[in-house]
Structures are given as structure tokens and as C-alpha cells.
Amino acid sequence: MSVLVLVLAVSAACCLGFGFVLQQNAAQRAPLNDFLSFRLLVDLVKVPRWLAGIALMVAGMALGAAALGQGELSLVEPLLATNLLFALALSRRQTRQPLGRQGWAGLLLLAGGVTAFIVAGQPQGGTATADPTRQWVIIGAMTGLALLLTTHAKRSRLSSGPVLLALAAGLLYGVQDALTRVSGQKFSEGGFAELFTGWQPYAVIALGITGLLLVQSAFETASLRKSLPALTAAQPLAGIICGVGFLGDRLRTDAVALSWEAGGLLAVVAGIMMLGMHPAMPTGSAEPAHVGRLQPQPQSS
């Protein structure tokens with residue numbers, strides 16, 4: 001594994017984790033009638049803390065795109081999942097909760113799972129599939145599942161809705177990462193002329209905006225304990241499927257390697273859930289914060 005890819009991916013995870021915490025701090029104060037409405041984003045633009053979170057998220061996405069330009073999607077995605085460690089670090093500073101056994105166990109599971117998957121799978125680049133049908137089937141399945149999750153979330157927005165929205169956003173972000181890699185390849189081959197003649201960069205923008213709305217709606221209606229683990233778990237799984245499915249990423253497929261890869265991914269998901277449920281994660285604010293229009297908040301921690 002390239003040291004540059006490792007540094008870029010972990011730096012991206014750091015920015016994303018800090019950014020998610022700041023975004024949720026602001027979004028939880030938004031009025032509930034903005035749920036799944038672009039009015040939510042218009043309201044949040046007025047909040048300095050949310051803008052700081054978005055700036056960190058954009059920086060994380062840029063670093064992630066740079067990592068994807070240097071390494072395989074199946075390698076970068078598990079590293080990006082460590083954003084939850086940085087989110088927990090900032091949340092601990094805000095809530096002053098000790099890490100405890102649950103935190104250490106979740107940390108070890110997440111870090112060990114990522115390591116096991118990468119070491120056993122040995123992700124390598126390959127030739128992207130030339131069959132457009134295969135690509136559209138995988139992208140269609142991911143976006144279709146995200147649509148179904150979002151539709152169901154509308155009917156249960158204060159119960160399972162936030163988890164479903166976070167899962168949907170994670171799926172879209174995984175597809176976005178795959179198309180970001182394709183866009184980067186197009187740019188390296190022919191510059192802006194080659195990049196903007198394809199549909200991929202426009203899809204990246206559309207997926208990013210849609211995912212942002214889903215994430216902020218999830219943050220608005222639930223604490224990070226409910227929303228962030230689902231988002232963090234879904235994105236790498238979707239990205240790995242896209243990487244192997246149509247970008248040509250190759251993983252070792254012998255029985256021993258597959259068992260370690262599966263075990264590593266299960267450990268990652270388990271670690272994400274344990275860290276996401278940690279008492280240090282903010283529980284959200286009470287109902288009065290959702291009354292009226294959202295007021296700008298100072299950017300103090």
C-alpha cells in the first residue's frame with residue numbers, strides 16, 4: 001500500500017469525521033418541517049458551525065478524490081471508514097466522556113477489520129469493464145435501493161427514518177466515490193475537454209447534493225448515534241462493490257483470503273456500530289430546538 005494513499009485517505013477521514021460532528025450540531029436545531037426539503041440546506045447556510053462542517057467535508061472529499069486517483073477504490077474506502085474515530089474524538093471533547101471498554105473495543109474492531117481486509121484482499125487495480133450494462137446495473141441497484149430507503153424513511157422519520165436516510169446517503173456516496181475515480185481518470189487522459197464530455201462529473205455533483213440533503217435530514221431528526229454509524233458502514237461497502245463490480249479492482253479470491261476479507265468487513269461494521277453507540281456521541285437536542293426557523297449559531301466548540 002502506498003504511503004501517499006494512506007496519508008491522503010486518513011487525512012480525508014479526519015476532515016470528514018470532524019465535519020460530520022459540526023454539521024449534526026447545527027442540523028439538530030433545524031425545524032422539522034424542513035425534513036427532506038432543500039429549505040433545510042438554505043436554513044443551514046446561515047449557521048457558521050454548519051458552514052465550518054461543510055468546509056471540512058469538502059476538504060475531506062477533495063483529499064479522498066486525491067487518494068482515489070492514486071489507489072484502488074477497494075483500498076481507499078475501508079480507510080475512509082475510519083472517519084468515525086475522528087468524529088468520536090471530537091465528540092469526546094464536547095461531551096468529556098471517557099473512551100472506556102466499549103470505545104477501545106470498537107476502535108480495535110474497526111482498525112483490525114480494516115487491516116485484515118486490506119492485508120488479506122491485497123486490492124489491486126485492473127481494467128475497468130467495457131460492458132456498460134454491468135456498470136448501469138450496479139449503479140441502478142445502489143441508487144434504486146437508496147430511493148426505496150428514502151421513501152420508507154418519509155413514513156417513519158422520527159423512528160427508523162434517520163437510520164434509513166443515512167444508509168441511503170452512504171450508498172450514494174459509495175457510488176459517488178466510484179464515479180469520482182472515473183472522472184479523475186478521464187481528466188488525466190484528456191484534461192477538462194475529456195472530463196466534461198462524459199456524464200460522470202455531473203452525476204458526481206448530483207449524487208453529492210442528494211446525499212448531502214439526506215445526511216442533513218438524518219442529522220436533523222436523530223443523534224449521531226443513530227445516523228453516523230449507518231452512513232459510515234454503507235459507504236465503503238457500496239464503494240467496494242462498485243470497485244470490484246465495474247472499475248476492475250481485484251481482490252484475492254482463494255478460500256482463506258475470502259474468509260479473512262469477510263471477517264474484516266464484519267469487524268469493521270461491528271466496530272462502527274460500537275463506536276457510533278458510544279456515550280461520547282452527542283444525543284441531540286430537545287424538541288424546542290425544532291420550533292420556528294433556524295437561528296445562526298456561534299462557531300464556538
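Residues numbered from 1 in each chain as written. Predicted model: local features only at pLDDT ≥ 70, side-chain atom pairs only at ≥ 80, totals over all residues. Heavy atoms only, no water.

1. Description of the confidence of the model for the chain
Next, step 1: Mean pLDDT over the chain stands at 85; residues scoring 70 or higher make up 92%.
Next, step 2: Here residues 285-292 scores under 50 on pLDDT; set against residues more than four positions off or in separate chains, the count is 11 contacts. (pLDDT = per-residue confidence, 0-100. Contact = heavy atoms within 4.5 Å.)

2. Some points on helix α6 (residues 100-121)
Next, step 1: With 22 residues, α6 extends 31 Å from end C-alpha to end C-alpha; this agrees with the ideal 32 Å at 1.5 Å per step.
Next, step 2: Within α6, burial applies to G103, G106, L110, G113, V114, A116, F117, I118, A120 and G121.
Next, step 3: Looking at the buried side of α6, the elements it contacts are α4 (73-80), α5 (83-95), α10 (224-246) and α11 (255-276).
Next, step 4: Phi turns positive, to about 45°, at Q122, one or two residues after α6. (Helix = DSSP H or I, 4+ residues; strand = E, 2+ residues; numbered from the N terminus. Expected span 1.5 Å × (residues − 1). Buried < 20%, exposed > 50% of the residue type's maximum accessible area, 1.4 Å probe, protein only.)

3. With respect to the packing of helix α1 (residues 3-27) against helix α9 (residues 200-221)
Helix-helix packing is described using two parameters, namely the angle between the two axes and the distance between the axes.
Next, step 1: At a minimum axis distance of 8 Å, the contact between α1 and α9 shows a crossing angle of 60°. Considering the angle they form, α1 stands oblique to α9. Considering only the axes of α1 and α9, their crossing is right-handed. Taken together, the residues of α9 that come into contact with α1 (itself represented by F20, Q23, Q24 and A27) are L212, Q216, F219 and E220.
Next, step 2: Grouping the constituent residues of the contact of α1 with α9 by class yields four nonpolar, three polar and one charged. (Axes fitted to C-alpha atoms, helices over the stretch in contact; angles between N-to-C directions. Parallel < 35°, antiparallel > 145°, perpendicular 65-115°, else oblique. Left-handed = near helix turned anticlockwise from the far one by under 90°. Nonpolar A, V, L, I, M, F, W, Y, C, P; charged D, E, K, R; others polar.)

4. A look at the packing of α5 against α11
Next, step 1: As a packed pair, α5 and α11 sit with axes 10 Å apart at the nearest point and diverge in direction by 15°. The angle between α5 and α11 places the two elements in the roughly parallel class. Crossing hand, α5 versus α11: left-handed. On the side of α5, the interface is formed by L84, L85 and L88, while α11 contributes I272, L275 and G276.
Next, step 2: Residues that form the contact of α5 with α11 fall into these classes: five nonpolar, one polar and no charged.

5. With respect to the pattern of salt bridges
Next, step 1: Tallying each qualifying case throughout the model produces four salt bridges.
Next, step 2: With a shortest N-O distance of 3.8 Å, E194 and K186 are connected by a salt bridge. (Salt bridge = Lys/Arg side-chain N within 4 Å of Asp/Glu carboxyl O.)

6. Remarks on the side chain of T232
Next, step 1: Mapped onto the fold, T232 is located in helix α10.
Next, step 2: Within the local environment of T232, its side chain forms a polar contact with the backbone oxygen of L228, the two atoms lying 2.8 Å apart. (Polar contact = N/O pair within 3.5 Å; in protein donor to acceptor, adjacent residues only side chain to side chain.)

7. Quick word on unusual backbone geometry
Next, step 1: Notably, Q122 is not glycine yet its phi reads approximately 45°, a positive angle.
Next, step 2: Relative to the helices and strands, Q122 is located in the loop between α6 and α7 (132-155).
Next, step 3: For Q122, a relative accessible area of 41% translates into the label partly exposed.

8. Some words on the environment of A111
Next, step 1: When you line up the elements, A111 lands in helix α6.
Next, step 2: Spatially, the C-alpha atom of A111 lies 20 Å from that of G170, the residues being 59 residues apart in sequence.

9. Considering the side chain of D249
Next, step 1: Tracing the backbone shows D249 in the loop between α10 and α11.
Next, step 2: Judged by its relative accessible area of 4%, D249 is buried.
Next, step 3: One polar contact links the side chain of D249 to the main-chain amide nitrogen of L73, over a distance of 3.0 Å.
Next, step 4: In terms of polar contacts, D249 uses its side chain to reach the backbone amide nitrogen of S74, at 3.0 Å.
Next, step 5: If we ignore the near neighbours within four places in the chain, the residues touching D249 are E72, L73, S74, Q124, G125, R181, G243 and V244.

10. Notes on a nonpolar patch on the surface
Next, step 1: Taken together, F187, F192, F196 and Y202 make up a surface patch of nonpolar side chains, about 440 Å² in accessible area.
Next, step 2: Take F196: its relative accessible area is 42%, and that puts it in the partly exposed class. (Patch = residues over 30% accessible without salt bridge, like charges linked within 9 Å, V, L, I, M, F, W, Y side chains within 5 Å. Areas by Shrake-Rupley, 256 points an atom, 1.4 Å probe, with all protein chains shown as cover.)

11. Considering the packing of aromatic side chains
Next, step 1: Applying the stated rule across the entire model yields six aromatic pairs.
Next, step 2: Seen from their ring centres, F20 and F219 are 6.2 Å apart, and the 75° between their planes marks the pair as edge-to-face. Note that F20 is positioned in helix α1 and F219 in helix α9, a separation of 199 residues in sequence. For the pair shown, F20 and F219 are each scored as buried.
Next, step 3: With centroids separated by 5.9 Å and ring planes inclined at 5°, the aromatic side chains of F192 and F196 adopt a geometry described as stacked.
Next, step 4: A connected cluster of aromatic rings, assembled from ring pairs, spans F187, F192, F196 and Y202. (Phe/Tyr/Trp six-rings, centres within 6.5 Å; stacked < 30°, edge-to-face > 60°.)

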